[in-house]
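Breakdown of the fold
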Amino acid sequence: MVLKDNDDQLVLLAERLPQLVWFTGPDGYHDYFNRRWYNLTGMTAEQCRGDGWKSAVHPEDRPHVDVRWRQALQDGAQYEAQYRLRRADGAYCWMLSRGLAHRDPDGRITRWFGTCTNIDAQKRAEDALAQLEEQHRLALQAARLGTWSIDLATNTAVFDAATCGLMQIPPDRAKGMDLEDIIALIHADDREAMRKGIAAATDARADGYYQLEYRIPLPDGEVRWIRARGKAYFVGEGADRRAVRLSGVLNDNTRQHALEEGQHLLTRELNHRVKNLFAIANGMVSLTARGAKDPKEMATALRGRLGALSRAHELVQPPSSEKDRKGGDIALGQLIEAVLAPFKETHGDGIVLEGPDIRVGSNTTTALALVFHELATNALKHGCLSEPEGRLSVRWAQEDDMAALEWTETHGPPIEEAPTFEGFGSQLTQRSITGQLGGTLEREWRREGLCVHMAFPLDRLAN
């Protein structure tokens, strides 16, 4: 070591410091390391002199160290670098190296003094935290969840990128957005529920759990259903207990909401169909009993009519899978005749079907059959098919790329006025025509009987 006499006190101090200590000349030539350096690296003083010490630095970190050290020598500014240093056992540990220049009264640099602090435990903790955060991010991504947190003292919320996308929040506001501005983004009908939900979760007497489902209007006019769950964090005890933060996750629940609505609608639809079947069967029993000469004749006639009803029901039951939807197309007349077969048993020539050969695809058969089945059921309960003398005319025609159809009932109970209430069956019919088939349906309540006007695009019928 080439040290001046006035360095002796610095050396004594350096040997007692817990860090690795080094000195250099004004040109950056390393000429001193304390004993802790040699003990850690296993190197000798000769091996470390000048730039020799760099052989203990991890090869991947040397370019970074060289850039930082050259910049410090050039500017005379503080030197700082993090790098991996090889220990005597061959393993590497992370070091934080810092150096300061000592200047004479004229401002010239006379020496550099520096230390190396072992930060290996800190770096390992940072790496573990980064790995944990990445696992957390991947888990949220896989579950399609976004995160959010509300500072209740300032009513300011922060979000991650996933939440910004789901909530239609501009990315530049992810780090801070007023709670009322967030509430303004959701559907007007759901805003009060959000306010009450947050208030309930953050009440000092509550358990802090928050759960809410609300809608976000989208630019295209659709709505996105969001399901949010969270937990409030409290400080203080007893009367001093108060919530300081509400944090949680949210996800897009639109598809699940649609499935639940579809399931609810399907349940209502099936219940409605079962009621209709009982109504039809009851009507058939009454009509058959009027014309039968004896119980045997009634049983034979009723058996045939119920058999026809069973075959018609096959056309209107909801398909349980895509496999059930597939099959060849049929003529529109065949479809209507199959649905009305049970009623022709009781009304014979009183039911007239007339129209050209228009093909109905397998994907639309069920929806269209349901419409005719619903109309026939209502005719049996309230209209022309409830009377032996009732008449039903179903006529259709092709007009350019449309199919027009008229369902006309006569000789049934007179209609005094149009009904003011629309039942589920009427809603179901309307939904099938306008939604699934892309057509139109209008009811004309004539005194002599109902007349229904329908129109369908031919390509929707075929497909």
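For the structure, see preceding data.
Below: a short report on this structure.

Each value, and the rule that gives it
Residues numbered from 1 in each chain as written. Predicted model: local features only at pLDDT ≥ 70, side-chain atom pairs only at ≥ 80, totals over all residues. Heavy atoms only, no water. Helix = DSSP H or I, 4+ residues; strand = E, 2+ residues; numbered from the N terminus. Buried < 20%, exposed > 50% of the residue type's maximum accessible area, 1.4 Å probe, protein only. Contact = heavy atoms within 4.5 Å. Areas by Shrake-Rupley, 256 points an atom, 1.4 Å probe, with all protein chains shown as cover. Patch = residues over 30% accessible without salt bridge, like charges linked within 9 Å, V, L, I, M, F, W, Y side chains within 5 Å. Salt bridge = Lys/Arg side-chain N within 4 Å of Asp/Glu carboxyl O. Lys, Arg positive; Asp, Glu negative; His and termini not counted. Charge placed at Lys NZ, Arg CZ, Asp CG, Glu CD. 1 Å grid on protein atoms, 1.4 Å probe; cavity = no way out; pocket = protein on both sides within 12 Å on 5 of 7 lines; lining within 4 Å. Points joined across faces, edges and corners; volume = space filled by probe spheres on them. Nonpolar A, V, L, I, M, F, W, Y, C, P; charged D, E, K, R; others polar. Pairing = 2+ DSSP bridges. Axes fitted to C-alpha atoms, helices over the stretch in contact; angles between N-to-C directions. Polar contact = N/O pair within 3.5 Å; in protein donor to acceptor, adjacent residues only side chain to side chain. Phe/Tyr/Trp six-rings, centres within 6.5 Å; stacked < 30°, edge-to-face > 60°. Lys NZ or Arg CZ within 6 Å of the ring centre and 35° of its normal.

So, on to the overall build of the chain. Helices and strands together make up the secondary structure of the chain, namely 15 helices and 18 strands. Evaluated residue by residue, the chain yields a buried proportion of 39% over its 463 residues. Excluding contacts between residues fewer than 6 apart, the proportion of contacts in the chain whose partners are at least 24 apart in sequence is 56%. Accessible surface for the chain amounts to roughly 26000 Å². Of this, 51% is attributable to carbon and sulfur atoms.

Another aspect to go through is a negative patch on the surface. There is a patch of like negative charges on the surface, built from Glu399, Asp400, Asp401 and Asp459. Assignment of secondary structure puts Glu399 in strand β15 (residues 391-399).

The subject of this paragraph is empty space enclosed by the protein. The final tally for this structure, using the stated rule, is three cavities of 30 Å³ or more. As a volume, the largest cavity reaches approximately 150 Å³. Contributing to the lining of the largest cavity are 14 residues, with Trp148, Ile150, Ile182, Met194 and Tyr214 lying nearest its centre. Looking at the lining of the largest cavity, the elements with two or more residues in it are β6 (145-151), β7 (156-159), α6 (161-167), α7 (179-183), α8 (191-201) and β9 (209-217). Looking at the lining of the largest cavity, its residues break down into 13 nonpolar, one polar and no charged. In this structure, the second largest cavity occupies an estimated 50 Å³ of space.

A few words now on the pairing of strand β11 (residues 242-252). Sheet topology note: the β6/β11 ladder contains seven bridges and is antiparallel. Across the sheet, the residue bridging to Trp148 is Gly248, located in β11. Alignment of strand β10 (residues 223-235) against β11, held across ten bridges, turns out to be antiparallel. Residue Ile226 lies in a different strand from β11, and its bridge partner there is Asp252. Hairpin connection from β10 to β11: six residues lie between these consecutive antiparallel strands, with Gly236 at a positive phi of about 85°.

Right, let's get into the sheet that holds strand β2 (residues 30-33). Backbone hydrogen bonds are what pair the strands of a sheet, in a parallel or an antiparallel way. Here five strands make up an open sheet; going across it, the order is β2-β1-β5-β4-β3 and the pairing antiparallel. In this open sheet, the two edge strands, each paired with only one partner strand, are β2 and β3 (79-86). Between one strand axis and the next, the sheet turns by 25° as a mean value, whatever way the strands run. Sheet analysis places strand β1 (residues 20-24) next to strand β5 (residues 109-118), joined by five bridges and oriented antiparallel. Bridge pairing links Leu20 to Cys116 in β5. Each of β1, β2 and β5 is contacted by helix α1 (residues 8-16), which is oriented at about 155° to β1, the strand it contacts most. This element, helix α4 (residues 62-75), spans β1, β2, β3, β4 (92-103) and β5 of the sheet and lies at about 150° to β3.

A full pass over the atoms with the stated rule returns 21 salt bridges. The shortest N-O distance in the salt bridge between Asp104 and Arg108 comes to 3.3 Å. Given the relative accessible area of 51%, Arg108 is considered exposed. As a salt-bridge pair, Asp120 and Arg124 come within 2.7 Å of each other at their nearest N and O atoms.

Once that is clear, we can look at the sheet that holds β6. Pairing in this open sheet of six strands is antiparallel, and the strands run β8-β7-β6-β11-β10-β9 from one edge to the other. The sheet terminates laterally at β8 (177-178) and β9, the two strands that pair on one side only. As judged from the four bridges shared by β6 and β7, these two strands associate in the antiparallel manner. Note that in β7 the partner of Ser149 across the bridge is Val158.

Attention shifts here to the side chain of Asp104. The topology assignment puts Asp104 in the loop between β4 and β5. Residue classification places Asp104 among the buried residues on the basis of a relative accessible area of 18%. Within the structure, the side chain of Asp104 is placed 2.9 Å from the backbone nitrogen of Asp106, a separation counted as a polar contact.

Right, let's talk about the packing of aromatic side chains for a bit. Per the stated rule, a full pass over the model turns up twelve aromatic pairs. Where Phe23 meets Tyr32, the ring centres are 4.6 Å apart and the plane angle is 35°; that geometry is what we call tilted. Across this residue pair, the class does not change: Phe23 and Tyr32 are buried. Over the ring of Trp94 we find Lys123, and its NZ or CZ is 4.5 Å from the ring centre.

What follows concerns the pairing of β10. Where β9 and β10 come together, nine bridges link them in antiparallel fashion. Bridged to Glu213 within β10 is Arg227. The hairpin formed by β9 and β10 contains five residues between the paired strands, and Gly221 there has a positive phi angle of roughly 95°.

A few words on unusual backbone geometry. Positioned with a positive phi, Asp400 is a non-glycine residue whose angle comes to about 60°. With respect to the element layout, Asp400 can be found in the loop between β15 and β16 (402-410). According to the relative accessible area criterion, Asp400 is exposed, its value standing at 72%. For His411, which is not glycine, the phi torsion reads 60° and is therefore positive. Mapped onto the elements of the fold, His411 is located in the loop between β16 and α14 (424-436). We classify His411 as exposed; its relative accessible area is 54%.

Bear in mind that shape data such as this cannot, by itself, settle questions of function.
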